[in-house]
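Structural overview
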Amino acid sequence: MEARGVIKTFTTPDGRALPVLDGVSLALREGEIVALLGKSGSGKSTFLRCIAGLIAPSAGTVTYRGSVLNGANPGVAMVFQSFALLPWLTVQQNVELAMEARGVPAEARHDKALHVIDLIGLDGFESAYPKELSGGMRQRVGFARALAVEPDALLMDEPFSALDVLTAANLRGELTRLWEDGEFPTKAVLIVTHNIEEAVQLADRILVLSSNPGRIRAELHVKLPRPRDRHEAGFEALVDTVYGILTGREEAAEQAVAAAASDAGAQGGALPTPSDLPLPEVSAGGLSGLLEILAARGGREGLAELADDLTFEVDDLLPLVDAAVMLGLARTEEAELELTDQGREFVTGDIDASKMLFGRLACQRAPLIKAIMNGLRATSDGTLREGFFLDLLRRGFSEDEARRQLDIAIDWGRYGELFEYDAESGQLVLGSDPAKVGV
């Protein structure tokens with residue numbers, strides 16, 4: 001099956017276009033496992049649903065065996081993050097469900113269900129209900145249901161993310177063994193994940209997507225033999241490579257840093273807007289914690305090592321990294337994170353000095369913080385309603401994203417003692433002495 005130039009744009013409640021995918025292409029071939037990897041907002045799950053025929057692209061095409069999809073893809077089955085089992089059906093009935101929908105006779109689907117239940121390690125639990133099973137066993141039912149129809153391609157949307165670490169590792173290992181032994185009743189696999197090590201462990205190819213909207217930033221071929229040992233040099237090198245790709249400076253970020261370095265664009269040129277360079281979804285306290293950990297490790301550490309030691313996923317660590325880089329408190333070089341001079345000043349100073357530095361950098365380098373400060377300073381009493389800023393943010397974000405962006409800005413503004421927020425009145429209030437942070 002193949003996707004060519006897939007573009008997907010949703011419409012917000014106020015009628016604004018929200019681009020999610022921009023020109024994504026992929027050919028899925030027999031005998032390979034492909035991983036779609038990216039941060040939140042990269043459109044991974046949306047693209048998977050386009051491949052499945054559950055949603056139609058706004059532009060571009062998806063074809064199965066040369067025919068353009070105009071509905072559900074007949075050659076695929078899906079495994080979801082949420083298990084998606086019907087609680088009133090037994091394990092066997094849940095497994096038979098997809099076959100029944102395809103018109104498989106009762107006796108044939110009964111025999112096939114028993115076979116895949118045994119294959120996936122659930123023999124003896126045929127009559128159990130989902131509530132009687134652990135999370136790992138429920139997900140095995142999801143795999144059995146998908147494999148029972150022997151699809152050409154198995155599509156998996158973060159199938160291990162709801163499981164504990166040990167259960168997920170065990171299930172990944174078993175599926176890899178079935179694939180290598182030729183017992184996997186499907187010809188290809190496409191998995192969406194935000195777990196870098198998971199992608200390297202499972203995939204023959206890794207497609208790394210950028211965010212907002214999603215585009216393919218890089219394609220990596222994994223030549224490592226299976227089973228793969230995460231402690232081998234080749235494995236670790238590939239993990240580092242992916243981290244390096246994911247932490248590469250986006251064009252908007254480069255423009256923002258350049259503008260801040262030249263007195264916030266005073267020399268000319270357009271400044272990035274809050275939608276060009278949104279605030280990473282992290283708290284000021286969480287960012288401070290990461291910088292302190294980095295300082296304790298000598299001021300420089302590999303991203304893979306940080307994620308492993310902190311048991312962080314990509315979506316846990318990379319927003320913190322993005323925030324540190326945005327504020328100039330750290331820099332990335334390939335797959336390593338290093339404190340800048342300002343970052344060292346931040347972690348070694350007393351609390352007041354650190355807050356003052358944070359506030360100054362936020363005003364210089366974070367477009368939304370700067371916009372809020374400019375707005376508050378333009379009023380006679382230093383106050384503005386939150387609705388004013390939400391209205392502005394909705395021009396570049398969805399309703400939920402606008403709210404999240406403002407909440408992050410309020411957290412950062414409070415931490416840097418730039419402005420306060422009165423939840424009862426919904427007012428943002430300029431700090432008593434913003435001049436002390438140089439803004």
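Residues numbered from 1 in each chain as written. Predicted model: local features only at pLDDT ≥ 70, side-chain atom pairs only at ≥ 80, totals over all residues. Heavy atoms only, no water.

A word on the overall build of the protein chain
Convention followed: Strands here mean DSSP runs of E at least two residues long; helices mean DSSP runs of H or I at least four residues long; both are numbered from the N terminus. In this description the radius of gyration comes from C-alpha coordinates, and the expected globular size is given by 2.2 Å times residues to the power 0.38. Categorising residues by exposure relies on relative accessible area from a 1.4 Å probe, with only protein chains included: less than 20% of the type maximum marks a residue as buried, more than 50% marks it as exposed, and the intermediate range marks it as partly exposed. When checking whether two residues touch, look at their non-hydrogen atoms; a contact exists if any pair is within 4.5 Å. The accessible surface values rely on the Shrake-Rupley method and a 1.4 Å probe; as for residues, cover is taken only from the protein chains in view.
Of the regular secondary structure elements, the protein chain holds 16 helices and 16 strands. Compactness check: the protein chain gives a C-alpha radius of gyration of 25 Å against a globular reference of 22 Å for 439 residues, within 12% of the reference. With respect to the principal axes defined by its C-alpha atoms, the protein chain has extents near 80 × 50 × 40 Å. Evaluated residue by residue, the protein chain yields a buried proportion of 49% over its 439 residues. For the protein chain, the share of sequence-separated contacts (at least 6 apart) that also reach a separation of at least 24 residues comes to 68%. A total of about 19700 Å² of accessible surface is found on the protein chain, and carbon and sulfur atoms cover 49% of it.

Observations regarding the sheet that holds strand β10 (residues 216-221)
Under the convention used in this document: Pairing between strands is defined by DSSP: at least two bridges between the two strands are required. Orientation is described by lines fitted to C-alpha atoms, with helices fitted over the stretch in contact, and by angles between N-to-C directions that extend from 0 to 180 degrees.
The sheet built from six strands is open, its strands ordered β6-β7-β8-β3-β9-β10 with mixed pairing. Strands at the two margins of the open sheet, each flanked by one partner only, are β6 (76-79) and β10. Between one strand and the next, the sheet's axes are offset by a mean angle of 15°, whatever the strand orientation.

Overview of a negative patch on the surface
Put simply, the rule is: Note on patches: the residues involved have over 30% relative accessible area and no salt bridge, like charges join within 9 Å, and the nonpolar side chains Val, Leu, Ile, Met, Phe, Trp and Tyr join within 5 Å. Salt bridges, as used here, are contacts in which a Lys or Arg side-chain nitrogen is within 4 Å of a carboxyl oxygen on Asp or Glu. Asp and Glu count as negative and Lys and Arg as positive, but His and the ends of the chain are not part of the count. For the purpose of locating charges, the reference atoms are NZ of Lys, CZ of Arg, CG of Asp and CD of Glu.
A surface patch of negative charge is lined by D229, E232, E236 and E305. Mapped onto the secondary structure, E232 falls in the loop between β10 and α7 (233-246).

Observations regarding the sheet that holds strand β5 (residues 67-68)
For sheets, the rule is that strands pair by backbone hydrogen bonds, running either parallel or antiparallel. With antiparallel pairing, the four strands of this open sheet are ordered in space as β2-β1-β4-β5. Sheet topology places β2 (17-27) and β5 at the edges, where each strand pairs with a single neighbour. Sheet analysis places strand β4 (residues 59-64) next to β5, joined by two bridges and oriented antiparallel. Its bridge partner lying in β5, T63 is registered against V68. Contacting β1 (2-11), β2 and β4, helix α1 (residues 44-52) runs over the sheet at an angle of about 120° to β1.

Remarks on helix α13 (residues 351-365)
Test applied: For a helix, the expected span equals 1.5 Å multiplied by the residue count minus one. Here a polar contact is recorded for every N or O atom pair within 3.5 Å, except that within protein the pair must consist of a potential hydrogen donor and a potential acceptor, and residues adjacent in sequence are included only if both atoms are side-chain atoms.
An ideal rise of 1.5 Å per residue puts 21 Å on 15 residues; α13 measures up with 21 Å between its terminal C-alpha atoms. Among all positions in α13, only S354, L357, F358, G359, L361, A362, C363 and R365 are buried. The residue sitting at the N-terminus of α13 and contributing the capping side-chain oxygen is D350; that oxygen lies 3.2 Å from the backbone nitrogen of D352.

With respect to the environment of M99
With respect to the helices, strands and loops of the structure, M99 is situated in helix α2 (residues 91-101). Note: C-alpha distance between M99 and D411 (312 residues apart in sequence) is 51 Å. Setting aside anything within four residues of it in sequence, one finds M99 in contact with V104, R109, K112, A113, A148 and V149.

Examining the pairing of strand β8 (residues 188-193)
Taken across its six residues, β8 has six buried, putting it largely inside the fold. Neither face of β8 is open: one carries A188, L190 and V192, the other V189, I191 and T193, and all of them are buried. By the bridge criterion, five bridges tie strand β3 (residues 33-38) to β8 in an arrangement that is parallel. Directly across from L37, in β8, lies its bridge partner T193. As defined by bridge partners, strand β7 (residues 153-157) adjoins β8 across five bridges and the pair is classed as parallel. Note that in β8 the partner of M156 across the bridge is I191.

Focus: the confidence of the model for the protein chain
Under the convention used in this document: pLDDT is defined as a per-residue confidence score from the predictor, taking values between 0 and 100.
For the protein chain, per-residue confidence averages 84 on the pLDDT scale, and residues scoring 70 or more make up 93% of the total. For the protein chain, the element scoring lowest by mean pLDDT is helix α8 (residues 251-261), at 37; helix α12 (residues 341-348) scores highest, at 94. Per-residue pLDDT stays below 50 along residues 249-269; that stretch engages in 20 contacts with residues further than four places along the chain or on separate chains.

Let's talk about the packing of aromatic side chains
Applied cut-off: By convention, a stacked pair of Phe, Tyr or Trp rings (six-membered ring in the case of Trp) has centres within 6.5 Å and planes under 30 degrees apart, an edge-to-face pair has planes over 60 apart, and any other such pair is tilted.
In total, this model carries four aromatic pairs according to the counting rule given. The interplanar angle of 80° and the centroid separation of 5.1 Å between the aromatic rings of F388 and F389 together place this pair among those described as edge-to-face. Here a set of aromatic residues connected by ring pairs shows up, and it is made of F358, W412 and Y415.

A short note on the environment of G302
Tracing the backbone shows G302 in strand β11 (residues 300-302). The contacts of G302, once residues within four sequence positions are left out, are A335 and E336.

Let's talk about the side chain of S354
Counting through the fold element by element, S354 comes out in helix α13. Of the residues examined, S354 reaches a relative accessible area of 5% and is grouped as buried. Leave out the neighbours within four places in its chain, and S354 touches F346 and G349.

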